[in-house]
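What the coordinates show
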Amino acid sequence: PGMGQDAPPVQPEEKSEEEETEILPDAIAVQFPVDPNARKPYFLNGDAEHPVNLWQWISRPMEALELNARGMDKLLAQTKENQNVTAKVVYRYGSYHLVMKRKLTTSDVNDIQFNMGQNIPVAFNIWDGSAKETDSQKAISSWFDLFLEK
């Protein structure tokens, strides 16, 4: 090669091609107030007086976790013995088909307890890993009402 035809050196602040193509995991969290009879918590992970129970599924690793939150910066995974949510997922044609389940009632005071005939607030958070969504960058919903009929 002649003079001046070499590629310019990569600057330290520039990302490598590998870093640019890193894909973050996709995830969804289904959020319930721990006490559905109390005032609705803030829809983004609850608040100090009104905690939420989150059921979160993450694509890498393919797992479901139960968490509790008392605000955006106060998120805590439940202990292993209190992880009661299971998930089954199929990824087909660019879409996930996910089912998460748990018994209607548990002995854990940090879990939502589902009672038939009761209105239960539910909210959703979704992270699109290919759009580099992580942490507080996500699609969110406000509260919806879930009603379990007898």
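What you see is a predicted model, and the numbers here were worked out from it, not measured in a lab. (Residues numbered from 1 in each chain as written. Predicted model: local features only at pLDDT ≥ 70, side-chain atom pairs only at ≥ 80, totals over all residues. Heavy atoms only, no water.)

Focus on the environment of Asp-108
Spelled out, the test is: Helix and strand assignments come from DSSP, with helices taken as H or I runs of at least 4 residues and strands as E runs of at least 2, each series counted from the N terminus.
With respect to the secondary-structure elements, Asp-108 resides in the loop between strand E6 (95-101) and strand E7 (119-127). For Asp-108 and Asn-82, which are 26 residues apart along the polypeptide, the C-alpha to C-alpha distance reads 6.8 Å.

Things to note about the pattern of salt bridges
Keep this limit in mind: Each reported salt bridge corresponds to a side-chain nitrogen of Lys or Arg within 4 Å of a carboxyl oxygen of Asp or Glu. Exposure is judged per residue with a 1.4 Å probe applied to protein chains only, and the accessible area is read against the type maximum: over 50% gives exposed, under 20% gives buried, and values in between give partly exposed.
Going through the model one piece at a time under the given rule, you end up with one salt bridge. Ionic pairing is found between Arg-102 and Asp-111, a salt bridge with its closest N-O pair at 3.8 Å. Considered together, Arg-102 and Asp-111 belong to a single accessibility category, that of buried residues.

What to know about unusual backbone geometry
Cis geometry is found at the peptide bond from Arg-60 to Pro-61, where omega equals -5°. Residue placement: Pro-61 occurs in the loop between strand E2 (52-58) and strand E3 (63-69). The phi dihedral of Asn-45 is positive, around 70°, even though this residue is not glycine. In this structure, Asn-45 sits in the loop between strand E1 (27-33) and E2. The residue Lys-132 is not glycine, and still its phi comes out positive at about 60°. Checked against the element boundaries, Lys-132 lands in the loop between E7 and strand E8 (139-140).

A few points about the layout of surface pockets
Heads up, the rule is: A cavity here means a set of points on a 1 Å grid, drawn over the protein atoms and nothing else, where a 1.4 Å probe fits but cannot get out; a pocket is an open set with protein on both sides within 12 Å along at least five of seven lines, and a residue lines either one if it has an atom within 4 Å of a point. Grid points are joined across faces, edges and corners, and a volume is the space filled by probe spheres set on the points. Asp, Glu, Lys and Arg are counted as charged, while Ala, Val, Leu, Ile, Met, Phe, Trp, Tyr, Cys and Pro are counted as nonpolar; the rest, among them Gly, fall into the polar class.
Looking at the largest pocket, its volume works out to about 320 Å³. Considering the residues around the largest pocket, the lining is formed by 18 residues, among which Gln-56, Leu-75, Trp-127, Thr-134 and Asp-135 are closest to the centre. Of all the secondary structure elements, the ones that give two or more residues to the lining of the largest pocket are E1, E2 and E7. With three residues, the top contributor of residues to the lining of the largest pocket is E2. Across the lining of the largest pocket, the residue classes break down as 10 nonpolar, five polar and three charged.

Some remarks on the environment of Met-116
Keep this limit in mind: Contacts are assigned to residue pairs that have any heavy atoms within 4.5 Å of one another.
Relative to the helices and strands, Met-116 resides in the loop between E6 and E7. The partly exposed category is assigned to Met-116, whose relative accessible area is 41%. It is 5.0 Å that separates the C-alpha atoms of Met-116 and Leu-148, two residues lying 32 residues apart in sequence. Excluding residues that lie within four positions of it along the chain, Met-116 makes contacts with Leu-104, Leu-148, Glu-149 and Lys-150.

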